[in-house]
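# Commentary on secondary and tertiary structure
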Amino acid sequence: MRSPVQPPPSLLSGHANPGRGAHRRQHYWPRANLLSANLLRAAASEPAHRKLQARASATPAPLYDAKAAGAGLLLQGRVCVLTPHAGAGSRVWFPGVGCRRLIRVELSRGQTLARGFGTRMFHLRTCAAKLRPLTASQTVRTFSQNRSAAARTLGQIRCYSAPVAAEPFLSGTSSNYVEEMYYAWLENPKSVHKSWDIFFRNTNAGAPPGTAYQSPLPLGPASLSTMARAQPLVEAQPNVDKLVEDHLAVQSLIRAYQIRGHHVAQLDPLGILDADLDSSVPADIISSTDKLGFYGLDESDLDKVFHLPTTTFIGGQESALPLREIIRRLEMAYCQHIGVEFMFINDLEQCQWIRQKFETPGIMQFTNEEKRTLLARLVRSTRWGLRAGWGSLQGAWLQALQAVLAPVTWLFRVARSPSRFEDFLQRKWSSEKRFGLEGCEVLIPALKTIIDKSSENGVDYVIMGMPHRGRLNVLANVIRKELEQIFCQFDSKLEAADEGSGDVKYHLGMYHRRINRVTDRNITLSLVANPSHLEAADPVVMGKTKAEQFYCGDTEGKKVMSILLHGDAAFAGQGIVYETFHLSDLPSYTTHGTVHVVVNNQIGFTTDPRMARSSPYPTDVARVVNAPIFHVNADDPEAVMYVCKVAAEWRSTFHKDVVVDLVCYRRNGHNEMDEPMFTQPLMYKQIRKQKPVLQKYAELLVSQGVVNQPEYEEEISKYDKICEEAFTRSKDEKILHIKHWLDSPWPGEQGAITRHPSPAPTAPPGATVWLSDSGVCASAGPPVLGFFTLDGQPRSMTCPSTGLTEDILTHIGNVASSVPVENFTIHGGLSRILKTRGELVKNRTVDWALAEYMAFGSLLKEGIHIRLSGQDVERGTFSHRHHVLHDQNVDKKTCIPMNHLWPNQAPYTVCNSSLSEYGVLGFELGFAMASPNALVLWEAQFGDFHNTAQCIIDQFICPGQAKWVRQNGIVLLLPHGMEGMGPEHSSARPERFLQMCNDDPDVLPNLEEANFDINQLYDCNWVVVNCSTPGNFFHVLRRQILLPFRKPLIIFTPKSLLRHPEARTSFDEMLSGTHFQRVIPEDGLAAQNPANVRRLLFCTGKVYYDLTRERKARGMAEQVAITRIEQLSPFPFDLLLQEVHKYPNAELAWCQEEHKNQGYYDYVKPRLRTTISRAKPVWYAGRDPAAAPATGNKKTHLTELQRLLDTAFDLDAFKNFS
């Protein structure tokens, strides 16, 4: 364990030897301008007794007294010279910063100044004098009076008071020549005469005025050799370089604390582990006087006064401090209970903002009222039982100690009282898992502080995500979930949920709107439900936040924000954290800043952090997006509250992510039933001794006189009473109502949906106003009623036709085949694609891309926002979509024709995502949660790329409604098909999705039920389709919105069919009155004479075209019928039963291009058998079982394809099978 870093006594107190070094106290100025200083010194020629007193007027730049033997003045690093020609009281103008403005200067009586100053430097003679030593008190007093801390922008100024001798060759007319010679010497010392070289060397070395110049010797060989051997007077005055070096050293020291001070901050409440896992102290942090040598300083320099640079605020109103005080203030700012990581941020304004927040002396101050509020919030959150603190004392020992400590006996009673939320749960249900917050009770006031400050800054909706630890406490004390609803979850006699299968209590979410008592403003809080998969909810929260911002026109994140809570091990170990951070600044994904709060237990379940991460801190992942990281000791509540305020202000100011790292501990094991001493004995021995934070803070406030015994006991008893009354009411609960835990209720459940409080001027009365990401009103559609009835049920169980009028189809087709803006140059190849589209429209036909275009365009007309996201979706992986056109001559000039369809359409958002599946799919899922009146689609670049997003699919999309009663209409577009492209880009793994469908393969539903198909959809957990025609793809997209409820839709989309000449659909199949076809029956010769059909093949997707081609080649159109199952789940029992009855003499076979252990066979076969009451076998025609989805050899691929076709059309293939 690194020992606390404290400056040595000589740093904190007076100098060890007050007599030594006192005469050496000097004032150091930043950014030395050696040229100016040396020319001042070298050119001095005025009488030594003259003074100049300059005062600046009408300018923010302050002036300083220049007590010099000559009348010299250096302002803003520029040299101006006084001559004996100006009268007393004269006013002249000096060139200011950048020579763009002038500074007026007045002279005192008896002083003169040359007239005719130009706007260039060095126009007159210069003079200077030696720096006059100043004491620390004199310096601080002088400059705190004459200069504000905010104006620290001047160059170095040195005032000299030593006698000055004139250089014999300088005069009032030679300064320009001297200047030219000096610049020439700077570029190349050999370009000037040796005498000039010696002069400038002596001047730069600090030679006193009058001694730098050496008279040239008479000409001759001897004199030339003497001149060559002449040496500059480098030893004359070396203190100038020393002044600069010392100043630079102090600047480096300040910067070292800003960069690495957090490494020595006292962050661990237990005092046994360093938060950065490194017990060493950085070499450039001053932990003892001998470390001053790292900077070329020593103990004698501690009382020297240094001017503070503009990159620090430790001076407050003082612009200069002794080195001893500089170190002390840096220690206070960076090495106490707060560690600040920010110097990696590449924005100077942001760095300065953070410095000001943490370096300004006395900035972390709290009023007594704020301290009492903090104490009250700790009371509500904490668990302080008999196992900790004072309560561990029993019997006579307790009585004796109470007698000794009579002034604080009330603390004993508080310690033993059955109060506070966590303690109440522990006492009532000691054998139940609840993942309590003990050890980080400060999280509750921390979150409330962030919410309070954000509300003050205008936020009215906060969306939160968090793991299971502390969730019940957050629900109770932050979201304000009714306590009886929480307590009844512990009742083992509570009946099963009224809907769905439910989830454990510490996974549930909540939505609540209430008044924020601090700001007296309405605030809506939503805690998103989460699975046990840590950090999986992060992108979901971000997507929901983005959606809420979008729908209310909050283009800068000023109204809606997100807060994410993390565990230390998960934050460092889960890759989804990085993926989520990586979305934070992308235009179509940014939520304009998230506050991340890490509950740093310093342990992961049972794993020591030294074995769990390679980075110093668990929060280092946040550095990739320049998010500042504030580490804070969680046992210092006031430090935590201040850090949380700063975090909220940062997010409000810069709209960027920020991380608060609460370094705490976990008082129990992973849960209340776990024994942590098995693996962390030393840590938990210390934890058993650790005084709870509430007790620490209460004692502190009592000692400060902020609270007294009655006040504290009243707060305790007040919350005790609340808990007991809620516990009594909880006994009346008999059924678990999951709807009470809904985290994302759709606004329609409470009435009409209002997207924005004030309609756009162009919107008709009662219209719903849509705002795009730019904040401009994008459309106004018809009024939207509540999506559900007030009791949460669909308003109907029917679905209208998904077809359109021909006028609408033609209009959309014409826009899709043109460039709707002028002066826009597109690629020549794209011109041919658009021309082909136009020809299709003229022929009343659509291909796959045009069918999608028409589905999207028609929904936009109906006021449905559409968001399509994924890798390369703007163009389409297979270059078929082209929804974003790019000007070939102007960078970043784009056009989205879909947004030019209708005058008052809803906005269309299409955005290429980062190369992420897990994070982006989670984000789109969250976006789809916000409203039922939006079509949100995620397209995988290839179908199997959803593998890396499997957690979102398995934990959220598939079971979301069953666990959390949360409907979601997200659409997954998964390119799928065996095209001979190898195992990685072939299969979208349909078997996985079908395996997770919730229908029973052995039970035939009631086929006579009214609206059978709609009821099937309502009861399923998701819909799985594989369309074989563009028209059916068009219909299923429109049906997704026209249904009276929402279900996830999984579509296996084609690749080769995108341009297949037979994969076309006529307008006739898309007109009004048409619907999505769950099954497409045979419509050829076999259907005309069904009794002669010997085999009925069932298939889905692309393989249909292979089968029809082979059937035609073999001339078996009358013997083999082919039926396409377009909707695989819910399984179309009713329609397939009709097909089987239609062909009474046909044997049944399922044909697929996937391998037998993959694809659809294991799902379809038992359901087909159930459909026909197992009257016939269902044969298989397809590839053999295999480990890989497809072969990588093209010839093998074609051989396998031909084999399955042979099997499908060999009418004797199954004769030898029983």
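A brief look at the structure comes next. Since we're looking at a predicted model, the values are computed, not measured.

Our next topic: the overall build of the chain. In terms of helices and strands, the chain carries 37 helices and 33 strands. Within the chain, buried positions represent 60% of all 1218 residues. Considering only contacts within the chain whose residues lie at least 6 apart along the sequence, 79% involve residues at least 24 apart. Just so you have it, the chain exposes about 48100 Å², and 52% of that area is on carbon and sulfur atoms.

Attention now goes to the sheet that holds strand S25 (residues 1023–1025). Sheet architecture is open: seven strands sit in the order S22-S19-S23-S24-S26-S25-S31, paired in mixed fashion. Only two strands of the sheet have a single neighbouring strand rather than two, namely strand S22 (908–912) and strand S31 (1127–1129). Averaged over all pairs of adjacent strands, the angle between their axes in this sheet comes to 20°, without regard to strand direction. The pairing of strand S23 (residues 934–939) with strand S24 (residues 971–975) spans three bridges and is classified as parallel. What sits directly across from Trp938, in S24, is Leu972.

Core analysis: the biggest nonpolar cluster contains 189 residues, and Leu443, Met464, Val474, Ile563, Leu972 and Trp1150 have the highest contact counts within it. For this core, the leading source of residues is helix H20 (residues 637–654), giving eleven residues. Summarising the domain contributions, this core has at least three residues from each of domain 1 (368–383 + 420–730) and domain 2 (1081–1217). Ignoring sequence-local partners within four residues, the contact set of Met464 consists of Leu447, Val474, Val478, Ile479, Ser526, Leu527, Val528, Val541, Ile563 and Leu565. Judged by nonpolar contacts, the second largest core, of 76 residues, contains Leu840, Leu850, Met854 and Leu1057.

Here the focus is the pattern of salt bridges. For side chains of opposite charge, pairing can occur when their charged atoms come near one another. Taken as a whole and assessed by the stated rule, the structure comprises 44 salt bridges. Here Glu939 ties to Arg881 by a salt bridge, and the two come within 2.9 Å at their closest N and O atoms. Of the two residues, Glu939 sits in strand S23 while Arg881 sits in the loop between strand S19 (865–870) and strand S20 (885–886), which places them 58 residues apart along the sequence. Residue classification places Arg881 among the buried positions, given a relative accessible area of 1%. One salt-bridge network, in which partners are shared between bridges, spans Lys242, Asp246, Asp301 and Lys304.

The next subject is the pairing of strand S9 (residues 461–465). Among the five residues of S9, five are classified as buried, and the element is accordingly described as predominantly covered. Side chains of S9 alternate between two faces, with Tyr461, Ile463 and Gly465 and Val462 and Met464 buried alike. The pairing of S9 with strand S11 (residues 521–527) spans four bridges and is classified as parallel. Bridged to Tyr461 within S11 is Thr524. Where S9 lies against strand S12 (residues 560–567), five bridges are found, and the strand directions are parallel. By the bridge assignment for S12, Ile463 is matched with Ser562.

Looking now at the pairing of S19. Within S19, six of the six residues are buried, leaving the element largely enclosed by the surrounding structure. Side chains of S19 alternate between two faces, with His865, Arg867 and Ser869 and Ile866, Leu868 and Gly870 buried alike. Where S19 meets S22, five bridges bridge the pair, whose relative direction is parallel. By the bridge assignment, Ile866 is partnered in S22 with Tyr908.

Turning our attention to helix H31 (residues 1012–1019). Think of an α-helix as 3.6 residues a turn; residues three or four steps apart then line up on the same face. The buried count for H31 comes to six of eight residues, which makes it a mostly enclosed element. What H31 keeps buried is the set Phe1012, Ile1014, Asn1015, Gln1016, Leu1017 and Tyr1018. Looking at the buried residues of H31, the elements they touch are S25, helix H32 (1030–1042), S31 and helix H35 (1133–1142).

Take the packing of aromatic side chains next. Centre distance and the angle of the planes are the two values used to describe a pair of aromatic rings. What the rule picks out here adds up to 36 aromatic pairs. Note on Trp185 and Phe200: the rings are 5.5 Å apart at their centroids and 40° apart in plane angle, and the pair reads as tilted. Of this pair, Trp185 sits in helix H4 (residues 175–187) while Phe200 sits in helix H5 (residues 194–204), placing them 15 residues apart in sequence. One exposure class covers both Trp185 and Phe200, and it is buried. Both rings, one in Phe358 and one in Tyr642, keep their centres 5.9 Å apart while their planes meet at 90°; by these two values the pair is edge-to-face. Of the two residues, Phe358 sits in helix H9 (residues 348–359) while Tyr642 sits in helix H20, which places them 284 residues apart along the sequence. Like Phe358, the residue Tyr642 is buried in the burial classification. Put simply, the rings of Tyr182, Trp185, Trp196, Phe199 and Phe200 touch in pairs and so form one group of aromatic residues. The ring of Trp902 carries the charged tip of Lys861 above its face, separated from the ring centre by 5.4 Å.

The geometry of helix H19 (residues 575–583) relative to helix H27 (residues 918–929) is characterised by a closest axis approach of 8 Å and an angle of 65° between their N-to-C directions. Every pair of crossing elements has a handedness; the one defined by H19 and H27 is right-handed. Residues Ile576, Glu579 and Leu583 of H19 touch H27, and the partners they reach there are Tyr918, Gly919, Val920 and Phe923. For the contact of H19 with H27, the residue count by class is five nonpolar, one polar and one charged.

Among the secondary structure elements, Lys1102 is positioned in the loop between strand S29 (1095–1099) and helix H34 (1103–1114). Of the residues examined, Lys1102 reaches a relative accessible area of 11% and is grouped as buried. Residue contacts for Lys1102: discarding those within four places in its chain leaves Gly977, Met978, Glu979, Ser1056, Leu1057 and Glu1153.

The residue Arg328 is located in helix H8 (residues 323–334) in this model. The spatial distance from the C-alpha of Arg328 to the C-alpha of Ile314 is 9.7 Å, given a sequence separation of 14 residues.

Here we come to unusual backbone geometry. Leaving glycine out, the prevailing phi sign among residues is negative, and the prevailing peptide bond configuration is trans. Backbone torsion omega between Ser1129 and Pro1130 reads 0°, so that peptide bond is classified as cis. You can see Pro1130 is positioned in the loop between S31 and H35. Although it is not a glycine, Glu535 sits at a positive phi angle of roughly 70°. Non-glycine residue Asn626 carries a positive phi angle of around 60°.

Thresholds, definitions, all that
- Residues numbered from 1 in each chain as written.
- Predicted model: local features only at pLDDT ≥ 70, side-chain atom pairs only at ≥ 80, totals over all residues.
- Heavy atoms only, no water.
- Helix = DSSP H or I, 4+ residues; strand = E, 2+ residues; numbered from the N terminus.
- Buried < 20%, exposed > 50% of the residue type's maximum accessible area, 1.4 Å probe, protein only.
- Contact = heavy atoms within 4.5 Å.
- Areas by Shrake-Rupley, 256 points an atom, 1.4 Å probe, with all protein chains shown as cover.
- Pairing = 2+ DSSP bridges.
- Axes fitted to C-alpha atoms, helices over the stretch in contact; angles between N-to-C directions.
- Core = buried A, V, L, I, M, F, W, Y, C linked by side-chain atoms within 4.5 Å.
- Domains from an automatic or database assignment.
- Salt bridge = Lys/Arg side-chain N within 4 Å of Asp/Glu carboxyl O.
- Phe/Tyr/Trp six-rings, centres within 6.5 Å; stacked < 30°, edge-to-face > 60°.
- Lys NZ or Arg CZ within 6 Å of the ring centre and 35° of its normal.
- Left-handed = near helix turned anticlockwise from the far one by under 90°.
- Nonpolar A, V, L, I, M, F, W, Y, C, P; charged D, E, K, R; others polar.

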